[in-house]
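# A structural walkthrough
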Amino acid sequence: MACPWSIYLVLGGQVMADFDNIFIYFDGWMLSALQAAVRGSEDIISEVRLRVGKPIMLTVNSRTVPVACAREVSDDELSRVIYRLCERSVYTHSREMSAGYISLRGGHRAGVSGEMGQNGMIRVKSVNIRVAHQVIGCADMIMLSMGRYADNAVIAGSPCSGKTTVLRDICRQLSLAGYSVGIVDERGEIAGGGAFDLGRGCDIMSGCQKAEGITMLLRSMSPQVIVFDEIGTAADGEAVNRSLQCGAAIITTVHADSCSAARARLQKLGVDERLCERIFVLDRDRPGTVIESGRIIGRAV
């Protein structure tokens, strides 16, 4: 797998990740092993993976490697981590867990998998903590192509290609340019509960579904542009069309590895053609390459 972070490094972006908000979920040998792995490292650690009976694995510069410790994670140890991830109340996070994830402070997120019970709860056997980063300047290439305007755009890419990180920097740059930016932050990953610098011009709706948040922002905050992560349902598509009809631009992300695949997904959701006109792809197969509507607009290598 190619390294998507080379896009950011070539632009001179400043990478920031708050690992203090990751360490709080661990103790004992696991905490010591993770602290040793992170200490002094200049690599991008984007995931921490725990599996029962397996060593802790880290996704470092898009490659998965074990931590320098021979021990394996036990069932009890994983249960203690999950208890902390849920802030000592598994019931409070039951809805999220039944959907396969747990929202964490600081914009981080833990994916969970295992055995699905009849009550919809998962008996967790694997946890993947996605480490949120802020990379100042990582959207420069895209913003330059857009002419620094608040216009419709879709950021496409495969999982772990950096879509949310790029979206976060677009919010920051539009805010600094004087635009009123409405952010629908369903899982708290874009703003991170205030952990990330988004400038002074962003209004955030969190803890609600995307379609609902878009409607509420249109009614109450008069945004010039609405930003949200992962368009994926027909309800999202309908809300996007209402926003476009009201004159508010839309910037969002979609899981797709090419412009044609992204356009096909958007059309399947019934999205207005205006949102399909400007699609940027974070290309996994060519390190550091950003593509706009089939045309390469920048390269890191």
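See the structure printed just above.
What this report covers is the structure whose coordinates are included nearby. Throughout, a residue's number is its position along its own chain's written sequence, starting from 1. Thresholds applied to this predicted model are a pLDDT of at least 70 for local features of residues and 80 or more for the giving and counting of side-chain atom pairs; totals over whole chains, interfaces and linings are not thresholded and use all residues. The basis for the side-chain values is all heavy atoms of the structure; hydrogens and waters are excluded.

### Overview of the layout of surface pockets
- Empty space within the largest pocket amounts to approximately 320 Å³.
- Here a cavity denotes grid points, spaced 1 Å and computed from the protein atoms alone, that fit a 1.4 Å probe unable to get out, and a pocket denotes an open set having protein on both sides within 12 Å along at least 5 of 7 lines; residues with an atom within 4 Å of a point are the lining. Residue lining of the largest pocket: 21 residues in total, with Arg130, Cys160, Thr164, Thr165 and Glu189 positioned closest to the centre.
- By residue number, the principal contributor to the lining of the largest pocket is helix 7 (residues 163-176), which donates 4 residues.
- Each residue belonging to the lining of the largest pocket can be placed in one class, and the counts come to 5 nonpolar, 9 polar and 7 charged. Grid points are joined across faces, edges and corners, and a volume is the space filled by probe spheres set on the points. Strands here are runs of E lasting at least two residues and helices are runs of H or I lasting at least four, both read from the DSSP assignment and numbered beginning at the N terminus. Classes in brief: Ala, Val, Leu, Ile, Met, Phe, Trp, Tyr, Cys and Pro nonpolar; Asp, Glu, Lys and Arg charged; the others, Gly included, polar.

### Quick word on helix 10 (residues 259-268)
- All buried positions along helix 10 are accounted for by Cys259, Ala262 and Leu266. One side of helix 10 holds all its buried residues, which, seen down the axis, span an arc of 65°. Turned more than 90 degrees away from the buried face of helix 10 sit Ser260 and Lys268, all of them exposed.
- One or two positions beyond helix 10, positive phi appears at Gly270, with a value near 75°. Here's how the labels work: a residue is buried when its accessible area is under 20% of the maximum for its type, exposed when over 50%, partly exposed in between, all with a 1.4 Å probe on protein chains only. Here the arc refers to the set of directions running from the helix axis out to each C-beta atom.

### Let's talk about the packing of helix 8 (residues 210-220) against helix 9 (residues 234-246)
- Across the interface, helix 8 lies against helix 9 with an axial gap of 8 Å and an inter-helix angle of 20°. Considered as vectors, helix 8 and helix 9 are oriented roughly parallel to each other. Considering how the two elements wind past one another, helix 8 and helix 9 form a crossing that is left-handed. Packed against helix 8, whose contacting residues are Lys210, Ala211, Ile214, Thr215 and Leu218, the element helix 9 presents Ala235, Asp236, Ala239, Val240, Arg242, Ser243 and Cys246 at the interface. Helix axes are fitted only over the stretch in contact, all axes being lines through C-alpha atoms; the angle between N-to-C directions runs from 0 to 180 degrees. Working definition: roughly parallel below 35 degrees, roughly antiparallel above 145 degrees, roughly perpendicular at 65 to 115 degrees, and oblique for all remaining angles. Crossing handedness: left-handed means the near helix sits turned counterclockwise from the far one by under a right angle, and right-handed means the same turn made clockwise. Residues are treated as being in contact if the distance between any of their heavy atoms lies within 4.5 Å.

### Concerning the packing of aromatic side chains
- For this analysis, a ring pair means two rings from Phe, Tyr or Trp (six-membered ring only for Trp) whose centres lie within 6.5 Å, classed as stacked if their planes differ by under 30 degrees, edge-to-face if by over 60, and tilted for the remaining angles. The tally for this structure, following the rule as stated, stands at 0 aromatic pairs.
- Lysine NZ or arginine CZ positioned within 6 Å of the ring centre and within 35 degrees of the ring normal marks a charge as sitting over the ring. Looking at Arg168, its charged tip hangs above the ring of Phe196, at a distance of 4.1 Å from the centre.
- A cation over a ring is seen here: Arg187 above Tyr101, with NZ or CZ 4.0 Å from the ring centre.

### Quick word on the nonpolar core
- Residue types Ala, Val, Leu, Ile, Met, Phe, Trp, Tyr and Cys, when buried and joined through side-chain atoms within 4.5 Å, form a set referred to as a nonpolar core. The biggest cluster of nonpolar side chains holds 32 residues, and the ones touching the most others in it are Phe26, Val48, Leu50, Ile56, Leu85, Val127 and Ile129.
- Only helix 2 (20-23), helix 3 (28-38), strand 2 (45-51), strand 3 (57-60), helix 4 (75-85), strand 6 (109-116) and strand 7 (122-130) provide two or more residues apiece to this core.
- Once residues within four sequence positions are removed from consideration, Ile56 is found in contact with Trp29, Met30, Leu34, Val48, Arg49, Leu50, Val65, Pro66, Val67 and Val73.
- Counting residues in hydrophobic clusters, the runner-up holds 29 residues, among them Val135, Ala150, Ile183 and Leu282.

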